[in-house]
Amino acid sequence: MNCIHKPKSIFPKQILVALCSMTICLFSSPLVSQASTDDKGDTSPTHEMDVWYRVSIAEKPVGRIHLTSKASKLDDGSKVMEHKSDFFMRLNRDGDVAEVKESSLLVEDADGNLLRFQVNQEMGENEVVIKGVSRGGELHITNSSDDSKRSIEIDESWLSNVQQTDLISDLYKQYQKDADAKPESIYSAFDAQIMSAVKVTITIKGISDTGLEKPWDKGLHVIMKQEIQGGTINSTNWFASDGSLLKSVIPGFGMTMERVKKEDAIKQSSDTVDINGLTSVQASGQVDLLNDASHTFRISVRRDESIPLKDDNWKILKNGPNQILNQVMEKLRSTSITTFSSIGDSSVSLTKASHPKPAAACLKRSSLIQSDADEIKSLARKHKKENPLATAKALEVEVSRLITDANYENVFDSALTVLEKKEGDCTEHSVLLVALCRAVDVPARVATGLIGVQAPASDEPVVQFFYHMWTEVYVDGNWHSLDATLGRGGITSAHIKLSDSSLADGDESGLISIVNLLGRIEIKVVR
């Protein structure tokens, strides 16, 4: 299937999952702080809560979040706090509806130390359970999808959910005492949804209207910068005086989370949001996708005036196997790049492109990339050729042949699931090809970016760019690009790479870095 002729988008579902994780991360803390009196008459904050949020994109409801927090006791009588979140999102991609469900439980002791957590993820027909237990200064994490295990060192500086609540509440009080002070704060916390530490920078803007109904109509306006695995998410938020989150907006993509009553949160809209339409970019200028061996583009990222922070996210473009940076224009927030096709006779050898050695993870298995599974290894060996690059290209053709149902219904399938079901979009093509290459010791990773698609029924070569995923393999000191969705032995000059990822467990850096670009990119065809 040559999807380069199709206007149907190939929005990578990993970006969707990154958005979902970030949504829950925003809402997992701070929590509501309340006071209670124990049996001895001592008054202390319980931080118990039961709140609902509506998730919207482009002002249309697409999901909900339910958060609860309550005090509990372990078998030995020690007091703990249990924080639970339930998340649901439903999106439309060119007529195919994708659903994401995720629930989590995080248990902290009376001092705010993380004791254990569990995350249940349901994406299409797949369910993954991730558990973490604190022991010996480390979090020991298991993944049900492949029984994998790993450990993360616990940082004593991480703030607990309760401590984050108190921090926001204190900042609110400081601002009320001295509005000119505009207190700021920087802290780190652990996020169970993405199994990673998050560095948070909070900037106070003032007290303003939230646009919500009473009693949530006013709140402390806060700009929040979250740094995760090398990626950054900026958001604008409103908090109540007790530290509870009232509203959050992720600009560009137009995602809004706002506190509502339960009955309003669970209402299902019959009109789903078409993600592809929201994220596509129409290029100005003309380009011949089929015949041009190379293109030069000027890519600009609009500044978001609602986030008055230093924003270097637009500098995401880098040299790659099939693209060269020509010029970076700081004042215009623009980058000029030239891309090259690697298909057949139009393939161009790039001597200036960056070809760093692959990370060790590019040869290892993960919960998504089961490269050591017997089924994967058997198929890969059947297509082994005289050299690694020929093998990778043969595997690209095989994956393109195998996946006969190109749909978007499955949100996040692993390589083994793709091999079994033989369906999916660019995400599934990429995941399976990476696993097959690693199975025969060819380092491989996924690349995420944009692909130009010829607009239908047009006399002029009008091009729309959609988010897409493909594969890169490392052979003889160079990275080579392949796209099993196309199955043509390489990529076209209409591919624009933004990031790459080994898809190691817990590594979403290459995907998170793209979130801030959604809805803000402009592309001009120079030649």
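Residues numbered from 1 in each chain as written. Predicted model: local features only at pLDDT ≥ 70, side-chain atom pairs only at ≥ 80, totals over all residues. Heavy atoms only, no water.

All right, on to the side chain of Ser104 then. Assignment of secondary structure puts Ser104 in strand 6 (residues 96-109). Apart from residues lying up to four places away in sequence, Ser104 is in contact with His83, Lys84, Ser85, Gln118, Val119 and Gln193. (Helix = DSSP H or I, 4+ residues; strand = E, 2+ residues; numbered from the N terminus. Contact = heavy atoms within 4.5 Å.)

Helix length check: helix 8 (residues 426-439), at 14 residues, gives a terminal C-alpha distance of 20 Å against a target of 20 Å (1.5 Å per residue), a fit within 8%. With respect to burial, helix 8 is a largely interior element, 14 of its 14 residues being buried. One side-chain oxygen at the N-terminal end of helix 8 lies 3.0 Å from the backbone nitrogen of Thr427; it belongs to Asp425. A positive phi of about 65° marks Asp441, the residue just after helix 8. (Expected span 1.5 Å × (residues − 1). Buried < 20%, exposed > 50% of the residue type's maximum accessible area, 1.4 Å probe, protein only. Polar contact = N/O pair within 3.5 Å; in protein donor to acceptor, adjacent residues only side chain to side chain.)

Turning to the nonpolar core, a few remarks are in order. Core analysis: the biggest nonpolar cluster contains 38 residues, and Val55, Ile57, Val62, Met89, Ile202, Ile204 and Met255 have the highest contact counts within it. One finds Leu395, Val431, Cys437 and Met469 within the second-largest nonpolar core, a separate group that totals 35 residues. (Core = buried A, V, L, I, M, F, W, Y, C linked by side-chain atoms within 4.5 Å.)

Here we come to a negative patch on the surface. Judged by side-chain charge, Glu138, Glu153, Asp155 and Glu156 come together as a negatively charged surface patch. As for its position among the elements, Glu138 is in strand 9 (residues 138-143). On the accessibility criterion, Glu138 (31% relative accessible area) is partly exposed. (Patch = residues over 30% accessible without salt bridge, like charges linked within 9 Å, V, L, I, M, F, W, Y side chains within 5 Å. Areas by Shrake-Rupley, 256 points an atom, 1.4 Å probe, with all protein chains shown as cover. Salt bridge = Lys/Arg side-chain N within 4 Å of Asp/Glu carboxyl O. Lys, Arg positive; Asp, Glu negative; His and termini not counted. Charge placed at Lys NZ, Arg CZ, Asp CG, Glu CD.)

This part is about the sheet that holds strand 25 (residues 521-525). What the four strands build is an open sheet, ordered 19-20-18-25; its pairing is antiparallel. Strands at the two margins of the open sheet, each flanked by one partner only, are strand 19 (323-329) and strand 25. Taking the axes of each pair of neighbouring strands and ignoring which way they run, one obtains an average angle of 25° across the sheet. Note that strand 19 and strand 20 (residues 334-340) share six bridges and pair antiparallel. Following the sheet pairing, Ile324 is matched in strand 20 by Thr338. (Pairing = 2+ DSSP bridges. Axes fitted to C-alpha atoms, helices over the stretch in contact; angles between N-to-C directions.)

Bringing the packing of aromatic side chains into the picture now. Throughout the structure, instances matching the rule amount to four aromatic pairs. Summarising the aromatic geometry, the rings of Trp158 and Phe190 are spaced 5.3 Å apart at their centres and angled 25° between planes, so their arrangement reads as stacked. Placement of the pair is Trp158 in the loop between strand 10 (148-153) and helix 2 (161-177) and Phe190 in strand 11 (residues 184-191), with a sequence separation of 32 residues. An identical accessibility class is assigned to Trp158 and Phe190; each is buried. The ring of Trp238 carries Lys247 above its face, with NZ or CZ at 5.5 Å from the centroid. It is Arg445 that lies over the ring of Trp479; its NZ or CZ is 3.6 Å from the centre. (Phe/Tyr/Trp six-rings, centres within 6.5 Å; stacked < 30°, edge-to-face > 60°. Lys NZ or Arg CZ within 6 Å of the ring centre and 35° of its normal.)

Closest axis-to-axis distance for the helix 5 (residues 374-382)/helix 8 pair is 8 Å, and the angle between their directions is 75°. Classified by the angle their axes make, helix 5 and helix 8 are roughly perpendicular. Only Leu432, Ala435, Leu436 and Ala439 of helix 8 make contact with helix 5, whose side of the interface consists of Ile376, Lys377, Leu379 and Ala380. Of the residues contributing to the contact of helix 5 with helix 8, the split by class is seven nonpolar, no polar and one charged. (Parallel < 35°, antiparallel > 145°, perpendicular 65-115°, else oblique. Nonpolar A, V, L, I, M, F, W, Y, C, P; charged D, E, K, R; others polar.)

Turning our attention to the environment of Asp191. You can see Asp191 is positioned in strand 11. Its relative accessible area of 4% is what places Asp191 among the buried residues. Separated by 85 residues in the primary sequence, Asp191 and Leu106 place their C-alpha atoms 9.6 Å from one another.

Before going further, it helps to examine the side chain of Ser336. Take Ser336: it is sitting in strand 20. If we skip the residues at most four places from it in the chain, Ser336 touches Thr296, Phe297, Arg298, Ile324, Leu325, Asn326, Gln327 and Met329.

Turning next to the packing of helix 6 (residues 388-402) against helix 8. It is the contact of helix 6 with helix 8, at a shortest axis distance of 10 Å, that shows an interaxial angle of 140°. Considering the angle they form, helix 6 stands oblique to helix 8. Crossing hand, helix 6 versus helix 8: right-handed. Contacts from Ala392, Leu395, Glu396, Val399 and Ser400 of helix 6 reach helix 8 at His429, Leu432, Leu433, Leu436 and Cys437. A per-class count over the contact of helix 6 with helix 8 returns seven nonpolar, two polar and one charged. (Left-handed = near helix turned anticlockwise from the far one by under 90°.)

This paragraph deals with the pattern of salt bridges. Where side chains of opposite charge bring their charged atoms close, a pairing between them can arise. Taken as a whole and judged by the stated rule, the model has 11 salt bridges. Salt-bridge contacts for Lys218 lead to Asp209; the nearest nitrogen and oxygen are separated by 2.5 Å. On the basis of relative accessibility, which here comes to 47%, the residue Lys218 falls in the partly exposed class. Judged by its relative accessible area of 52%, Asp209 falls in the exposed class.

With respect to the helices, strands and loops of the structure, Gly211 is situated in the loop between strand 12 (196-209) and strand 13 (218-228). By relative accessible area, Gly211 is classed as exposed at 71%. Taking the C-alpha atoms as reference points, Gly211 and Glu258, separated by 47 residues in sequence, lie 9.4 Å from one another.

Per-residue pLDDT for the chain has a mean of 80; in total, 78% of the residues score no lower than 70. Per-element mean pLDDT across the chain ranges from 33 in strand 1 (residues 35-37) up to 96 in helix 5. When the criterion is pLDDT under 50, residues 1-10 qualifies, and its contacts beyond four places in sequence or with other chains add up to 40 contacts. In this model, residues 29-45 is a region of pLDDT below 50 whose contacts with residues beyond four sequence positions or in other chains number 45 contacts. (pLDDT = per-residue confidence, 0-100.)

What follows deals with unusual backbone geometry. With an omega of 10°, the peptide bond running from Lys214 to Pro215 counts as cis. With respect to the element layout, Pro215 can be found in the loop between strand 12 and strand 13. Unusually for a residue other than glycine, Lys422 sits at a positive phi of about 55°. For Lys422, the location among the structural elements is in the loop between helix 7 (415-421) and helix 8. One non-glycine residue, Asp476, lies in positive phi territory at about 55°. Mapped onto the secondary structure, Asp476 falls in the loop between strand 22 (463-475) and strand 23 (478-482).

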